[in-house]
Structure formats: C-alpha cells, structure tokens
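Chains, contacts and geometry: an overview
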Amino acid sequence: MKAVILAAGESKRMNSKLPKVLHKICGKEIINYVIDACKNAGIREIIIVLGHEFDLIKKNICEKNFDLDIKFVLQKERLGTGHAVMMAKDFFDDNENILVLYGDTPLINYLSIKKLIDMNSDNAVSLISSVAENPKGYGRILRRENNFLRIIEDRDCDKNQSLIKEINTGIYLFNGNLLKTALQMLSNNNAQGEYYLTDTIEIIKTLSDKVGIFCADNYKEFLGVNNKIELERANSLMREKINKKHMENGVTMINAREVYIDYDVKIGRDSVVYPNVFLEGKTEIGENCVIRENSRIVDAKIFDEVEINSSVILNSRIENDVKIGPFAYIRPGSEIGKKVKIGDFVEIKNSSIDEETKVAHLTYIGDAKVGKNVNFGCGTTIANYDGEKKFRTEIGDNVFIGCNSNLVAPVKIGDDVYIAAGSTITEDIEAKNFAIARARQVNKSNWQKKS
Ligand code: UD1
Ligand code: CA
C-alpha cells in the first residue's frame, strides 16, 4: 500500500510567507506529523504532492525521513484536491490500495489509520468521518436513511446541509484502479471551480457501491490547520497530549496548561516543571530535576538532580547536581560539570567548566576551559574578543579569581593560582602563583578642596 499526501496548496488563509505545512506544532512541522502517522501505521512508500515552495518543503521532509521511500510530484496549478491526486496516479500499481491524506491535519493518530486499513477488507473506498461540535469549514457526510450518499463541501452546503455535524476528516483508503477511473470522471462544477477529491467517493459508489465509513470518536484528532487560529488550536491540543504523556511518565507539573514542551523532548521521573517553562528541540532532562518558572531550554542535555531557575540554556550539556540561575544564560557549546554552581547574571559561551566550580554572580565566561573547584569572584570577565578574532582561555583547578578581574585572552592560568581583585590579567600565570595586576593604592594625606 502507498500513501499520497496532498500539500500543494498556496495556504492563502495562513497569511504567511512560510508554506502552511512547514509551520510547526510543538517544534515539529505539520507535514512531518502526517508522514509519521503513515509511518507508524506501517506505510513505507509515500507520494507527496507539492506545488508552492516545492524545493523548500522537499528539503525539509528529506532531511527528517531517511528511512522512508518518499516521492515528490509537482502540481503546477492548484485545481483542487482531486486534481492533486491525479498528479500522483502514475505511481499507482495495478490493484494497489492507496491511502490519501491531507498534509494539513497534524493531530491524526496512526491508530485511526490502522483501523481504517483493518476495516477496508473489500471496500472500493473507505473513509474516516467524525462528529464535530462546530463543523464549519469541513466537508459534510450526506446520508439517506443512514446510507452514504456523498460528501458536500462547506461552501456548497445549503442551510440544512450546513447543520450536519458528521464531517469528512480527509483520510481515505481507495482501491487504486477505481480511484484512477473516478478521477477521470471528476468535474469542477462547484462553488470553488475545483476538482474535488471528495466527489470521487460518490462516483466510486455508482461504480461499485462498496463505500465504508468509520466514524471516529474524537473529532479533534482531525483538525485541519488552514489559518493561524487553527494553528494555535492544534498547538494547544498537541501540547495537552505531550504534557499528559510526561505526567504519566512521572513528571510533576505545577500547572500543565502553562508548560510548553516540544514533541521530541524527554524528561525523567520525578522532575518538576514550573509554569512558563519552554523545553524545545531535542532537549533531554534527567530525573529529579527542578526547572523553575521562566526558563527556556533548547537542544540541551541535562543530567539528574539539576536545578534551573529562570534561565536560558542553548545546545549545552549540564551534568548531575548543577544549580543554574536565576537569570543565567548558557550559550551553545557549553559543558557544565558535576556540582557546578552558576548564579545570577552569568553568561557562559562555548566553554567547559569542570566539577564543583562556582560562578556565583555577574560574570562572563567565553571560549574558556575551566578546571575543577575554581571560584569566580563577582564581576569577572573573560575578554575573549579583540575586535577581530576570538581567543581561548585556560584556567586550571582550584583557582581563585578575585572580584572584578579581567582575563584577556589568550591566557593560561595554572592550578592553585590566586588572582587579586580588580586585576587585568594579560599574561600567563604559573601554578601556585599569586597574581596582582592593578595600580597600587596611593593615599594622599591632608588632601582637601581648595576654597
Ligand atoms: C478538505 C476537504 C474537506 C475536508 C477537509 C478536512 C476537499 C475538496 N475538501 O477541505 O471535505 O473536510 O479537507 O480537513 O478535498 N491541496 C493540494 N492541491 C490543491 C488543493 C489542495 O495539494 O489543488 C492540498 C492542500 O495543500 C491541503 C489539502 O490539499 O494540504 C486540503 O486542501 P484544503 O484547501 O485545505 O481543503 P479544505 O478546504 O480544508
Ligand atoms: Ca484544510
């Protein structure tokens, strides 16, 4: 069996430069949710119909789906969903079943696709319907005495038809041969002047009479994203699902309505997540961590027993028992060792900091390798940039850096060094030395203002 996913639309209703199917829901593109649903239902061959922004969408899909056999076809003119499927028909083998889905329905559960496949048996076409509270915008299932008649699009509904709550979710399983025949018989005599895929069902019914409908319980799973309001709705439904999964896995949330976790994030048991926390990308958090309010963590690996308070962490690795924040900024490429303390208003960039080092307040560390058990005094700056190039700094173990010091890179500081407060260090310091690099204090006696 092959799947065809339609994603050639111009997405005018999104009012965006970015194609609709590349908009993200909890960190993952809409189209990639649809592809994953097919994959999890056991389908490996997928044909994707693209039009607008063909190359951009293709590139994004290819980067993330190495394991599937995906073909892309171009629909040059947007003449409707039926016309879009026509573009893919050369790939249909004889007597093959074809699953068709729309690329803008990211919340579909693969189990619904599996049910549709199981139910299909010898139907000429089967589809999933659902009963929606507010069916506006969706095609409606017209029935007579409970038997399927046809699908009528929202824009083509008369007053009575628009009251029907059974909607077309847009997931169909066709006998490929009958689909091809029906596509050739389509007309575009409707409100939008388009060739509707939905009309093929009625045609197939006249050809073979075997139409199966499975009415799924949860209509929210089939939400189509056509505008930014539906995008927000899909995001919040997905978020609810993700947060629920984490809580079932033993994560504690103070208020799950205000926690924003991307699709691929992992969190260990008994970690606590406070409100207004954003966990993004491929972030992994271990067990027994506390992530306090207003933190944003992107693509970071956080081990166990870590406490993060109102801080931003990007693409870095944080080992066990570390405390970060409030108001710290850990930038990409940083590695923070066990039991390190990073306090308030500290910025760390592309640096490694070894076990038990303390950077308690108001410090910038950039492009440095810092040893174990170092103490950074308040207001230390590593001057890593001379206006043209960046340089690295190395600091050994057990170093004590007095408050308000500057370390002008490149500079190497040995183990057990002590740097006096207010020093500007421009030369290397050997192990066990005391360095003082500031003007000696002069007290002038009997000084007073001339009157
Ligand atoms: C469609 C269905 C409707 C269903 C709803 C479910 C039709 C005519 N209508 O309506 O019955 O209830 O989805 O979400 O099928 N596309 C193309 N080429 C085209 C036109 C559309 O590839 O020429 C793609 C779009 O990119 C989109 C999908 O097909 O991903 C659906 O098109 P859209 O315009 O969103 O259809 P709806 O009005 O939502
Ligand atoms: Ca749609």
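Residues numbered from 1 in each chain as written. Chains lettered and ligands numbered in written order. Predicted model: local features only at pLDDT ≥ 70, side-chain atom pairs only at ≥ 80, totals over all residues. Heavy atoms only, no water.

Quick word on the overall build of the protein chain
Tallying secondary structure elements over the protein chain gives seven helices and 39 strands in all. Expected size for 451 residues packed as a compact globule is a radius of gyration near 22 Å; at 31 Å, the protein chain overshoots this value by more than 25%. Each principal axis of the C-alpha atoms in the protein chain carries an extent, and together these give about 110 × 55 × 40 Å. In the protein chain, which comprises 451 residues, the proportion classed as buried is 49%. The contacts in the protein chain between residues at least 6 apart in sequence include a share of 41% that link residues at least 24 apart. Per element, the accessible surface of the protein chain, about 22600 Å² overall, is 45% carbon and sulfur. Side-chain charges of the protein chain comprise 63 positive and 64 negative groups, with the mean position of each set lying 4 Å from the other. (Helix = DSSP H or I, 4+ residues; strand = E, 2+ residues; numbered from the N terminus. Rg over C-alpha atoms; globule rule 2.2 N^0.38 Å. Buried < 20%, exposed > 50% of the residue type's maximum accessible area, 1.4 Å probe, protein only. Contact = heavy atoms within 4.5 Å. Areas by Shrake-Rupley, 256 points an atom, 1.4 Å probe, with all protein chains shown as cover. Lys, Arg positive; Asp, Glu negative; His and termini not counted. Charge placed at Lys NZ, Arg CZ, Asp CG, Glu CD.)

Examining the coordination of the calcium ion (ligand 2)
Ideal values differ by geometry: the angle at a metal is 109.5 degrees with four tetrahedral donors, but 90 or 180 degrees with six octahedral donors. Note on the calcium ion (ligand 2): its protein donors are Asp104 (OD) and Asn226 (OD1). The metal-donor distances range over 2.2 to 2.4 Å. Of this pair, aspartate 104 sits in the loop between strand S6 (97-102) and helix H4 (110-120) while asparagine 226 sits in the loop between strand S11 (211-216) and helix H7 (228-248), and the two are 122 residues apart along the sequence. Assigned by exposure class, aspartate 104 and asparagine 226 land together as buried. (Donors = N, O, S within 2.8 Å, 3.2 Å for Na, K, Ca; no water.)

Quick look at the layout of surface pockets
By volume, the largest pocket amounts to about 1100 Å³. What lines the largest pocket is a set of 40 residues, and nearest its centre among them are Arg13, Arg78, Thr81, Asp104 and Asn226. Mapped onto the lining of the largest pocket, the elements with two or more residues apiece are strand S1 (2-7), helix H3 (81-86) and strand S10 (166-175). When residues of the lining of the largest pocket are assigned to their parent elements, the largest contribution, three residues, is made by S10. Its residues placed into classes, the lining of the largest pocket shows ten nonpolar, 18 polar and twelve charged. Put simply, the second largest pocket is a space of about 350 Å³. Lys28, Glu29, Lys64, Asp264 and Lys282 are, among the 17 residues lining the second largest pocket, the residues nearest its centre. When residues of the lining of the second largest pocket are traced back to their parent elements, those giving at least two are strand S3 (28-29) and helix H1 (30-40). Here the element with the most residues in the lining of the second largest pocket is H1; it accounts for three residues. Of the residues assigned to the lining of the second largest pocket, the class counts are three nonpolar, four polar and ten charged. Shared between two domains, the lining of the second largest pocket takes at least three residues from each, and those domains are domain 1 (2-222) and domain 2 (248-435). (1 Å grid on protein atoms, 1.4 Å probe; cavity = no way out; pocket = protein on both sides within 12 Å on 5 of 7 lines; lining within 4 Å. Points joined across faces, edges and corners; volume = space filled by probe spheres on them. Nonpolar A, V, L, I, M, F, W, Y, C, P; charged D, E, K, R; others polar. Domains from an automatic or database assignment.)

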